[in-house]
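# Descriptive structure summary
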Amino acid sequence: MKKLYEKNEVTFALVWIALYVGVMNLSLQLCDGFDDLASKTAGQVLAPVICVTVLAVAATVWILRNGLAEKFGLCRFRGNPVAFLWFIPLIAMSCINLKNGLGLTAPLAVSLLMAANTAIAGYVEELIFRGFLFRAMAKDNLRSAIIVSAVTFGAGHIVNLLNTSDLLGVLLQVCYAIVIGFLYTIIVYRGRSLWPCIASHMFVNGSSTFALEQGPFTDLVAALCGSADAALVQICSALCIILLSGGYALWLWKKTT
């Protein structure tokens, strides 16, 4: 890996992206998908957790052994907290899965393992997209690096179609993931650290396992729109994420120069 990195950093990043996609697809096959968690056993969900954990540890150890923690953002945050609004908009966006409350829709052990799986996946994605890929491209063209990092991150969520029949949900996820990708990339660029994005990403992913489909947000949509149709709720939720993340990203771009 070191020789590949020294030869071409972009190729190195793309290899890691391909490796990550391969590992995640293998994980899905090992547990026969995550569509119906209530029917899964802890043993079935354990294999994906092990796969993604091995990938996370391998990437982290490689970075630390080669003295690249500073370059790839595994270091303290360097931005001005005031200019970043103390991360309040980021925290608000990260709590989107709390909109209808949290609960158990599967056995506790299965839910905890699934939450660990998705949270660790978020950590790996930050290392790959905001660490490897963004830094590899930023030294040549910052604008392209931001766009490519955000778009590839968002578009990568299309693989979730392998795990669900909810086409609308996945397409909306791709859209708001691109906007979140822009936000995360700007935070990393301005603050020189991955940790705020890692914390946000891991919390969003992990809490999704316990997110309820019905609750206060659904009731609010019904009151405002006269309907609590599932598709309408999904669209409203996606719009909230896009507006909050996009607005915060623009603020950071202008106020932290």
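See the structure shown above.
Only a predicted model underlies this, so the values are computations on that prediction, with no experimental measurement involved. (Residues numbered from 1 in each chain as written. Predicted model: local features only at pLDDT ≥ 70, side-chain atom pairs only at ≥ 80, totals over all residues. Heavy atoms only, no water.)

## Points about helix H7 (residues 167–191)
With 25 residues, H7 extends 35 Å from end C-alpha to end C-alpha; this agrees with the ideal 36 Å at 1.5 Å per step. Directly beyond the C-terminal end of H7, a positive phi value near 60 degrees is found at Arg192. (Helix = DSSP H or I, 4+ residues; strand = E, 2+ residues; numbered from the N terminus. Expected span 1.5 Å × (residues − 1).)

## Concerning the nonpolar core
Membership of the largest hydrophobic core comes to 52 residues, with the highest contact counts inside it found for Ile63 and Ile187. For this core, the elements supplying multiple residues, two or more each, are helix H2 (9–30), helix H3 (42–65), helix H4 (88–94), helix H5 (108–138), helix H6 (142–155), H7, helix H8 (195–208) and helix H10 (230–255). Ranked by residue count, the leading element in this core is H5, at 11 residues. One finds Leu28, Cys31, Leu37 and Ala106 within the second-largest nonpolar core, a separate group that totals 10 residues. (Core = buried A, V, L, I, M, F, W, Y, C linked by side-chain atoms within 4.5 Å. Buried < 20%, exposed > 50% of the residue type's maximum accessible area, 1.4 Å probe, protein only.)

## Examining a nonpolar patch on the surface
Together, Val21, Ile158, Val159, Leu167 and Leu171 give the surface a local cluster of nonpolar side chains, amounting to about 360 Å² of exposed area. In this structure, Leu171 sits in helix H7. When its relative accessible area of 40% is taken as the criterion, Leu171 is described as partly exposed. (Patch = residues over 30% accessible without salt bridge, like charges linked within 9 Å, V, L, I, M, F, W, Y side chains within 5 Å. Areas by Shrake-Rupley, 256 points an atom, 1.4 Å probe, with all protein chains shown as cover. Salt bridge = Lys/Arg side-chain N within 4 Å of Asp/Glu carboxyl O.)

## A word on H10
Helical geometry note: an α-helix holds 3.6 residues per turn, so side chains three or four residues apart project in the same direction. An ideal rise of 1.5 Å per residue puts 38 Å on 26 residues; H10 measures up with 37 Å between its terminal C-alpha atoms. Every buried residue of H10 is listed here: Val233, Cys236, Ser237, Ala238, Ile241, Ser245, Gly246, Tyr248, Ala249 and Leu252. Against the buried residues of H10 lie H4, H7 and helix H9 (216–225). Among the residues of H10, the N-terminal cap falls to Asp229, whose side-chain oxygen and the backbone nitrogen of Ala231 are separated by 3.1 Å. (Contact = heavy atoms within 4.5 Å. Polar contact = N/O pair within 3.5 Å; in protein donor to acceptor, adjacent residues only side chain to side chain.)

## Notes on the packing of aromatic side chains
The description of two aromatic rings rests on the distance between their centres and on the angle between their planes. Counted under the stated rule, the structure contains 15 aromatic pairs. Measuring from centroid to centroid gives 6.3 Å for Trp62 and Phe132, while their planes differ by 85 degrees, and the two rings are edge-to-face. One end of the pair, Trp62, is in helix H3; the other, Phe132, is in helix H5, with 70 residues separating them in the sequence. Residue classification places Trp62 among the buried residues on the basis of a relative accessible area of 11%. For Phe132, a relative accessible area of 1% puts it in the buried group. Between Phe134 and Tyr189, the aromatic rings sit 6.4 Å apart at their centres with planes inclined by 80 degrees, giving edge-to-face as the arrangement. Of this pair, Phe134 sits in helix H5 while Tyr189 is found in helix H7, placing the two residues 55 residues apart along the sequence. One aromatic cluster is present, built from ring pairs that chain together Tyr5, Phe12, Trp16, Trp62, Phe72 and Phe132. Note that Lys99 overlies the ring of Phe217, its terminal NZ or CZ placed 5.9 Å from the centroid. Its guanidinium or amino end placed over the ring of Phe153, Arg130 lies 4.3 Å from that ring's centre, counting from NZ or CZ. (Phe/Tyr/Trp six-rings, centres within 6.5 Å; stacked < 30°, edge-to-face > 60°. Lys NZ or Arg CZ within 6 Å of the ring centre and 35° of its normal.)

## Quick word on the state of the cysteines
Within the structure shown, the criterion is met by zero disulfides. Of all cysteine sulfurs in the structure, the one in Cys75 sits closest to Cys197, which takes part in no disulfide; the separation is 12 Å. The closest cysteine sulfur to the non-disulfide-bonded Cys240 is located on Cys236, 6.9 Å from its own sulfur. In this structure Cys240 comes out as partly exposed when scored by relative accessible area, which is 36%. (Disulfide = S-S within 2.5 Å.)

## Here's the deal with the packing of H7 against H10
Across the interface, H7 lies against H10 with an axial gap of 9 Å and an inter-helix angle of 15 degrees. It follows from the interaxial angle that H7 and H10 lie roughly parallel. Here H7 and H10 pass one another in a crossing that is left-handed. Packed against H7, whose contacting residues are Leu168, Gly169, Leu172, Tyr176, Val179, Ile180, Leu183, Ile186, Ile187, Tyr189 and Arg190, the element H10 presents Ala231, Gln234, Ile235, Ala238, Ile241, Ile242, Ser245, Gly246, Tyr248, Ala249, Leu252 and Trp253 at the interface. (Axes fitted to C-alpha atoms, helices over the stretch in contact; angles between N-to-C directions. Parallel < 35°, antiparallel > 145°, perpendicular 65-115°, else oblique. Left-handed = near helix turned anticlockwise from the far one by under 90°.)

## Here's the deal with the pattern of salt bridges
With the rule as written, the count across this model stands at five salt bridges. Between Glu70 and Arg78 there is a salt bridge, with the nearest N and O atoms lying 2.3 Å from each other. When its relative accessible area of 44% is taken as the criterion, Glu70 is described as partly exposed. Residue class for Arg78 comes out partly exposed when judged on its relative accessible area of 40%. The structure contains a network of salt bridges with shared partners spanning Glu9, Lys71 and Lys139.

## What about the side chain of Ser149?
With respect to the element layout, Ser149 can be found in helix H6. What makes Ser149 buried here is its relative accessible area of 0%. Discounting residues that sit within four places of it in the chain, Ser149 has contacts with Phe129, Arg130, Leu133, Phe134 and Thr185.

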